[in-house]
Amino acid sequence: MELIGYVQNYDWGKLGNNSEVAQLTLANTPDCQIDEDKPYAELWMGDHQCGPSIVKSTGQKLNEVLKERLSYLFKVLSIRKALSIQVHPNKKEAEKLHKDCPGLYDANHKPELAIALTPFTALCGFRPNCEIYEFCKNLPPLKKLLGGDKAIECLNTKTPGAVRPIYRNLMTTDEDDVAQVIQCIADKYMTVLATYQLNELFMTLNRDYPNDVGVLSLFFLNVIYLKPGESIYLDANEIHAYIYGDCVECMACSDNVIRAGLTPKYKDVERLLDTLNYTGQVSENKIFKPKRLDANVQIFAPPVKDFAVLHIQINDNEPYTLKLPNSSGILLVLKGKRLLGLPGNTELTIKRGSIIYLSSQVMHSLEFKNFDSNNDNKDAFIAYIATRNRF
């Protein structure tokens, strides 16, 4: 089934045709109108009840057509300014949250994978204790806010989770005190931040979310710079915030987000602090590595059964057949044009912006054929497939 994705116009999205979400939406549905002053933040592809895809041929919602619900939600994100500092609960925590606050949380976990389409910046996981300690020593206003030398001394060790009381202190501090520290750092310590190459990011976050406690989280969390094709995997309880760029994202079919900073939305600070994994790691350990299936396909298969993502890149003019485990999937085309071979000797033209629901029967053997008979496909064909993790 050819699909139309569901667009979310969150405030942090890139504007108009600067957004990959807007560009893909226009490529998929050429008669749609793109407003250059409107944010196009997320393109949802799946059957989530808050934004189900539409079947092109019938106008039906995908969640009304499928007999079984998909275990994953597939997205494209185009980020102009930071998303909230957040964490996703594990399955047991999600069930309790849904029971306690059904209007805010659903009952599913939400592990997620982000694959960069452009240079992509994110905060992900706590820094090692020694890095946080160094920031506290070199930024006296921050150290004072946290309680001085005695309070931060626990960070001068390799004790796992030592940052827990320090970060709780930060996130529960009076807003006016946080604002004074941010202003003091901005006035007197930008040269210190420049030595860590954090001056521009600090200014950007403070411009977009003035005096927000999330600005100071910059000194506690790893800053990750992904190149196109690189990815991060965010398991349950992993603190993170996407900052800027475009990415493909896949997650368990859930919209569970516990927020605590860099957002005008509801902040559930205590729940976030109780949920976090406080173990620090160096930023390099946060990069998630795919496995190569063959010359044309890489598989991003995180340690959960809900989803995996395949990156397909066909650089030559030869037909290519992809054989996959028995599971349905959603195909998104980013570049190029091909004919997709289907059962019954039928073919479907797929090109940039195409979103295709693939049944398990079709996914068993996907044949990508040349679009024209002259073998003149000069552009590489690039696509992603989200599917249940059978790898």
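Residues numbered from 1 in each chain as written. Predicted model: local features only at pLDDT ≥ 70, side-chain atom pairs only at ≥ 80, totals over all residues. Heavy atoms only, no water.

K.L.:
I tried to follow the UniProt feature "binding site: Zn(2+)" (unreviewed entry) in the protein chain on my own but got confused; where do I start?
P.N.:
Those places that UniProt annotates as "binding site: Zn(2+)" (unreviewed entry) correspond, in this numbering, to Gln-86, His-88, Glu-112 and His-240. The greatest C-alpha distance among the annotated residues, which extend across 155 residues, is 12.4 Å, indicating that they converge on a single site. For the largest pocket, the lining residues among the annotations just cited are Gln-86, Glu-112 and His-240. If you trace the backbone, Gln-86 turns up in strand E8 (residues 85-87). Once residues lying within four places of it in the same chain are set aside, the contact partners of Gln-86 are Glu-238, Ile-239, His-240, Val-257, Ile-258, Arg-259 and Leu-272. Tracing the sequence through the fold places Glu-112 in strand E9 (residues 112-116). A relative accessible area of 2% means that Glu-112 is categorised as buried. Beyond its immediate sequence surroundings of up to four residues, Glu-112 is in contact with His-88, Ile-232, Tyr-233, Leu-234, His-240, Tyr-242, Glu-249, Cys-250, Met-251 and Phe-307. Side chain to side chain, Glu-112 and His-240 meet in a polar contact 3.3 Å long. (UniProt positions renumbered as here; feature names shortened; annotations may be inferred. 1 Å grid on protein atoms, 1.4 Å probe; cavity = no way out; pocket = protein on both sides within 12 Å on 5 of 7 lines; lining within 4 Å. Helix = DSSP H or I, 4+ residues; strand = E, 2+ residues; numbered from the N terminus. Contact = heavy atoms within 4.5 Å. Buried < 20%, exposed > 50% of the residue type's maximum accessible area, 1.4 Å probe, protein only. Polar contact = N/O pair within 3.5 Å; in protein donor to acceptor, adjacent residues only side chain to side chain.)

K.L.:
Before we go on, may I ask you to explain the domain arrangement of the protein chain in this structure?
P.N.:
For interface size, the figure often reported is the accessible area lost on association. Examined at the domain level, the protein chain breaks down into domain 1 (2-124 + 224-264), domain 2 (127-220) and domain 3 (291-387). Its C-alpha centre places domain 1 at a distance of 29 Å from the equivalent point of domain 2. Domain 1 puts twelve residues into the contact, and the matching count from domain 2 is 13 residues. Here domain 1 packs against domain 2, burying approximately 960 Å² in sum over the two surfaces, 70% of which is carbon and sulfur. Together, Lys-81, Leu-123 and Leu-262 form the three largest contributors to the area buried by domain 1 at its contact with domain 2, with a combined 44%. Run the count over domain 1 and domain 2 and you get zero salt bridges. Remark: the boundary between domain 1 and domain 2 carries two residue pairs in polar contact (both at pLDDT 80 or more). Within the side of domain 1 that touches domain 2, the residues separate by chemical class into nine nonpolar, two polar and one charged. (Domains from an automatic or database assignment. Buried area = accessible area lost by both parts, 1.4 Å probe. Salt bridge = Lys/Arg side-chain N within 4 Å of Asp/Glu carboxyl O. Nonpolar A, V, L, I, M, F, W, Y, C, P; charged D, E, K, R; others polar.)

K.L.:
For this particular structure, what's the right way to read the pattern of salt bridges?
P.N.:
Any two side chains of opposite charge can pair if their charged atoms end up close together. The tally for this structure, following the rule as stated, stands at 16 salt bridges. Salt-bridge contacts for Asp-212 lead to Lys-267; the nearest nitrogen and oxygen are separated by 3.1 Å. With Asp-212 in the loop between helix H10 (199-208) and helix H11 (213-216) and Lys-267 in the loop between strand E14 (258-261) and helix H12 (269-275), this residue pair connects regions lying 55 residues apart in the sequence. On the accessibility criterion, Lys-267 (34% relative accessible area) is partly exposed. Ionic pairing is found between Lys-286 and Glu-238, a salt bridge with its closest N-O pair at 2.8 Å.

K.L.:
So what exactly am I meant to see when it comes to the packing of aromatic side chains here?
P.N.:
The geometry of two aromatic rings is summed up by the distance between their centres and the angle between their planes. Evaluated as defined, the whole model comprises ten aromatic pairs. Aromatic pair Phe-120 and Tyr-242: ring centres 5.4 Å apart, planes at 70 degrees, arrangement edge-to-face. Pair noted here: Phe-120 is in strand E10 (residues 120-126) and Tyr-242 is in strand E13 (residues 240-252), with a separation of 122 residues, a long-range link. You'll find Phe-120 and Tyr-242 in the same group, each marked buried. Taking NZ or CZ as reference, Lys-81 lies 5.5 Å from the ring centre of Tyr-209, over its face. (Phe/Tyr/Trp six-rings, centres within 6.5 Å; stacked < 30°, edge-to-face > 60°. Lys NZ or Arg CZ within 6 Å of the ring centre and 35° of its normal.)

K.L.:
Can you walk me through the nonpolar core in this structure?
P.N.:
Within soluble globular proteins, side chains that are nonpolar tend to cluster in buried spots. Ranked by size, the top nonpolar core spans 53 residues in total, and within it Tyr-167, Leu-216, Phe-219 and Phe-220 carry the most contacts. Residue-level mapping places this core at the junction of two domains, with at least three residues from each of domain 1 (2-124 + 224-264) and domain 2 (127-220). Listed in part, the 34 residues of the second largest apolar core include Val-76, Val-309, Leu-332 and Tyr-357. (Core = buried A, V, L, I, M, F, W, Y, C linked by side-chain atoms within 4.5 Å.)

K.L.:
How should the layout of surface pockets be read in this particular structure?
P.N.:
Over the atoms a probe the size of a water molecule is rolled, and this reveals where empty space is left. Empty space within the largest pocket amounts to approximately 880 Å³. Lining of the largest pocket is provided by 46 residues; of these, Lys-110, Asp-255, Asn-256, Val-257 and Arg-259 occupy positions nearest its centre. Within the residue set of the lining of the largest pocket, elements represented by two or more residues are strand E5 (42-45), strand E7 (72-79) and E13. At four residues, the largest contribution of residues to the lining of the largest pocket is made by E13. Residues that form the lining of the largest pocket fall into these classes: 19 nonpolar, eleven polar and 16 charged. Estimated volume of the second largest pocket: approximately 350 Å³. Glu-68, Arg-69, Leu-70, Ser-328 and Tyr-357 are the residues nearest the centre of the second largest pocket, which is lined by 16 residues in total. Classifying every residue of the lining of the second largest pocket by side-chain character gives five nonpolar, six polar and five charged. Looking at the lining of the second largest pocket, you find at least three residues from each of domain 1 (2-124 + 224-264) and domain 3 (291-387). (Points joined across faces, edges and corners; volume = space filled by probe spheres on them.)

K.L.:
I tried to follow a negative patch on the surface on my own but got confused; where do I start?
P.N.:
On the surface, Asp-174, Glu-175, Asp-176 and Asp-177 cluster together to form a negatively charged patch. Secondary-structure assignment places Asp-177 in helix H8 (residues 175-188). (Patch = residues over 30% accessible without salt bridge, like charges linked within 9 Å, V, L, I, M, F, W, Y side chains within 5 Å. Areas by Shrake-Rupley, 256 points an atom, 1.4 Å probe, with all protein chains shown as cover. Lys, Arg positive; Asp, Glu negative; His and termini not counted. Charge placed at Lys NZ, Arg CZ, Asp CG, Glu CD.)

K.L.:
Could you clarify how one ought to interpret the sheet that holds strand E20 (residues 329-335) in this entry?
P.N.:
Adjacent strands of a sheet form backbone hydrogen bonds with each other and so pair up, either parallel or antiparallel. Spatial strand order, E16-E17-E18-E25-E20-E23: six strands in an open sheet with antiparallel pairing. A single partner strand is all that each edge strand has here, and the edge strands are strand E16 (291-292) and strand E23 (355-358). The pairing of E20 with E23 spans four bridges and is classified as antiparallel. Paired with Leu-331 across the bridge in E23 is Ile-356. (Pairing = 2+ DSSP bridges.)

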